[in-house]
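# Inside the fold
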Amino acid sequence: MSSLSPVTPASPDIAQELAALIEAEGPISIERFMGAANAHYYATRDAIGAAGDFITAPEVSQMFGEIVGLALADVWQRAGRPDAALVELGPGHGTLAVDMLRAMRVAGFAPPVHFIETSPLLREKQRDQLPNATWHDTIQTLPTDRPLLIVANEFFDALPVHQLINTFTGWRERVVRNGIDGFEAAPGEPTKYGEVPPHLRHVDPGGIIESCPMARGLIRAIARRLHDQGGVLLAIDYGYDGGAHGDTLQAVHAHAYADPFARPGTSDLTAHVDFAALAGSARAAGTHVAGPVEQGQWLIALGLSDRAAVLARNAPGRAHEISEAYRRLTHPEEMGELFKVMAVTGRNWPEPAGF
Ligand code: SAH
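This text gives an overview of the structure that appears in the document. Here the structure is a predicted model, which means the values were calculated and not measured.

## A look at the packing of helix α10 (residues 304-314) against helix α11 (residues 319-330)
Two elements in contact, α10 and α11, have axes separated by 9 Å at closest approach and are oriented at 165°. On the basis of their axis angle, the class for α10 and α11 is roughly antiparallel. Judged by the sense of rotation from one axis to the other, the crossing of α10 with α11 is right-handed. Here α10 contributes L304, S305, A308, L311 and A312 to the contact with α11, which in turn contributes A319, I322, Y326 and T330. Residue composition of the contact of α10 with α11, by class: seven nonpolar, two polar and no charged.

Structure representation (structure tokens):
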């Protein structure tokens, strides 16, 4: 999971650095642009929450993390209560980890916590919440002597995507160049036909296909660990399961969509997660995959309604807020349908509940 950034992530003017790089070396891939812009963005901005650019499920309500924590505690119990570690990829403010651990403690499970986080700024926020966690830049340094219970919420969508565009002169890599008014996407060098998956070759000229080599590599490495050490991965993100979805690169700034090529480093660049591709990589490494299922369905299957009722009973003054959060997490027009949950299960481990 090395950074693709060709430049210093926290340099004061990432746009200027990228423009200079393109000037010197020619157009750069969408993947390199997105990687550099996001590395800068997460290193310099606290993006999550009402005052930031976007809100994530753990920030909507404590119920989300509690349900995820209970799902992991349940599978840990069914695996025979081994000495296992909790791992979170891209923990943001640390809210999800805190809520998971509270629910896990009720089930008699208090695992050591390992965070994969590249942003120094977010590491500080996480340290305020969980001073005893261990931080890693990549998964390579995670413990090798125990099962790993790994959670990733809105993490894979932040990893840089590679794009190909079909033109009248064949498939080309999609690149970013310096235009008159700033950065612009354009078809780049021809790509080898073999790089275009056979089931996507029919796409009309102008059509774009995406892949996320970093996500696939990471899933492969995680699956190998789960296969060898035991444990599970729960990946929760917005995305699709199969088929081609064209260009899904998007930018969000101050809770509104923005132009992904304008002002890199100031907005959150994401792409929809291709769950079928991730599942394929995990299966190839010998692990079992469950889902993806829709987030709303999964949370409800695991008892979100009961949890909401208990919280509202204990704090009647917050009943409206709790039912709003429930709706936000589960309704098909909110996060309920677009967000999906997929589990990867190591050898001899039971499948988590809810699939
Ligand atoms: N999971 C949190 C935060 C999601 S935002 C939540 O649900 O609220 C994405 C998180 O992934 C941030 O913490 C960001 O710093 C981290 N991140 C993004 N790219 C990363 C990378 N390549 N390696 C490690 N962490 C990364």
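## Digging into the environment of K192
Along the polypeptide, K192 turns up in the loop between β8 (182-190) and β9 (208-211). For K192, a relative accessible area of 63% gives the class exposed. For K192 and I209, which are 17 residues apart along the polypeptide, the C-alpha to C-alpha distance reads 14 Å.

## Focus: the pattern of salt bridges
Per the counting criterion, the structure on display carries 14 salt bridges. A salt bridge links R78 to D74, with the nearest nitrogen and oxygen atoms 2.8 Å apart. One end of the pair is R78 and the other is D74, both in helix α4 (residues 62-78) and four residues apart, which spans about a single turn. By relative accessible area, which is 26% here, D74 ends up partly exposed. What emerges from the salt-bridge pattern is a single network uniting E66, D99, R102 and R307.

## Quick look at the environment of A285
Tracing the sequence through the fold places A285 in the loop between α8 (275-284) and β15 (288-294). The spatial distance from the C-alpha of A285 to the C-alpha of L226 is 9.4 Å, given a sequence separation of 59 residues. Excluding residues within four positions of it along the chain, A285 makes contact with R220, A223, R224 and H227.

## What to know about the packing of helix α1 (residues 14-25) against helix α2 (residues 30-44)
Here α1 crosses α2 at 155°, and the two axes come no closer than 11 Å. In terms of their interaxial angle, α1 and α2 are classed as roughly antiparallel. Relative to α2, α1 is oriented so that their crossing is right-handed. Touching I14, L18, L21 and E25 of α1 are R32, F33, A36 and H40, all from α2.

## Comments concerning the packing of aromatic side chains
With the rule as written, the count across this model stands at eight aromatic pairs. Look at F33 and F261: their rings are 5.7 Å apart centre to centre, the planes differ by 45°, and that puts the pair in the tilted class. With F33 in helix α2 and F261 in the loop between β12 (256-258) and β13 (268-270), the pair connects residues that are 228 residues apart, well separated along the chain. Relative to F355, the ring of W298 has its centre 6.3 Å away and its plane inclined at 50°; by these criteria the two rings are tilted. Taken as a pair, W298 in helix α9 (residues 295-301) and F355 in the segment after β16 (339-345) lie far apart in primary sequence, 57 residues in all. Note on W298: relative accessible area 0%, which makes it buried. One cation-aromatic arrangement involves R127 over W135; the distance from NZ or CZ to the ring centre is 4.5 Å.

## Notes on the site of the ligand
Taken together, 19 residues sit near the ligand, with T56, G90, G92, E117 and N153 positioned nearest. Note that a nitrogen atom of the ligand is positioned 2.7 Å from one of the backbone N or O atoms of G90. Within the contact set of the ligand, an oxygen atom lies 3.1 Å away from a backbone nitrogen or oxygen of G92. When the free accessible area of the ligand is taken as 570 Å², the share hidden by the protein chains comes to 95%.

## Considering the sheet that holds β12
Strand order in the open sheet made by the three strands is β12-β11-β13, with antiparallel pairing throughout. Both outer strands of the open sheet, β12 and β13, are each paired with one neighbouring strand and no more. Ignoring which end each strand starts from, the neighbouring axes of this sheet average 40° apart. Bridging between strand β11 (residues 250-253) and β12 involves three bridges; their strand directions are antiparallel. The residue bridging V252 from the neighbouring strand is Y257, located in β12. Sitting on the sheet, α2 is in contact with β11 and β13, with an inclination near 140° to β13.

How each quantity is defined
- Residues numbered from 1 in each chain as written.
- Predicted model: local features only at pLDDT ≥ 70, side-chain atom pairs only at ≥ 80, totals over all residues.
- Heavy atoms only, no water.
- Axes fitted to C-alpha atoms, helices over the stretch in contact; angles between N-to-C directions.
- Helix = DSSP H or I, 4+ residues; strand = E, 2+ residues; numbered from the N terminus.
- Parallel < 35°, antiparallel > 145°, perpendicular 65-115°, else oblique.
- Left-handed = near helix turned anticlockwise from the far one by under 90°.
- Contact = heavy atoms within 4.5 Å.
- Nonpolar A, V, L, I, M, F, W, Y, C, P; charged D, E, K, R; others polar.
- Buried < 20%, exposed > 50% of the residue type's maximum accessible area, 1.4 Å probe, protein only.
- Salt bridge = Lys/Arg side-chain N within 4 Å of Asp/Glu carboxyl O.
- Phe/Tyr/Trp six-rings, centres within 6.5 Å; stacked < 30°, edge-to-face > 60°.
- Lys NZ or Arg CZ within 6 Å of the ring centre and 35° of its normal.
- Near = heavy atom within 4 Å.
- Polar contact = N/O pair within 3.5 Å; in protein donor to acceptor, adjacent residues only side chain to side chain.
- Areas by Shrake-Rupley, 256 points an atom, 1.4 Å probe, with all protein chains shown as cover.
- Pairing = 2+ DSSP bridges.

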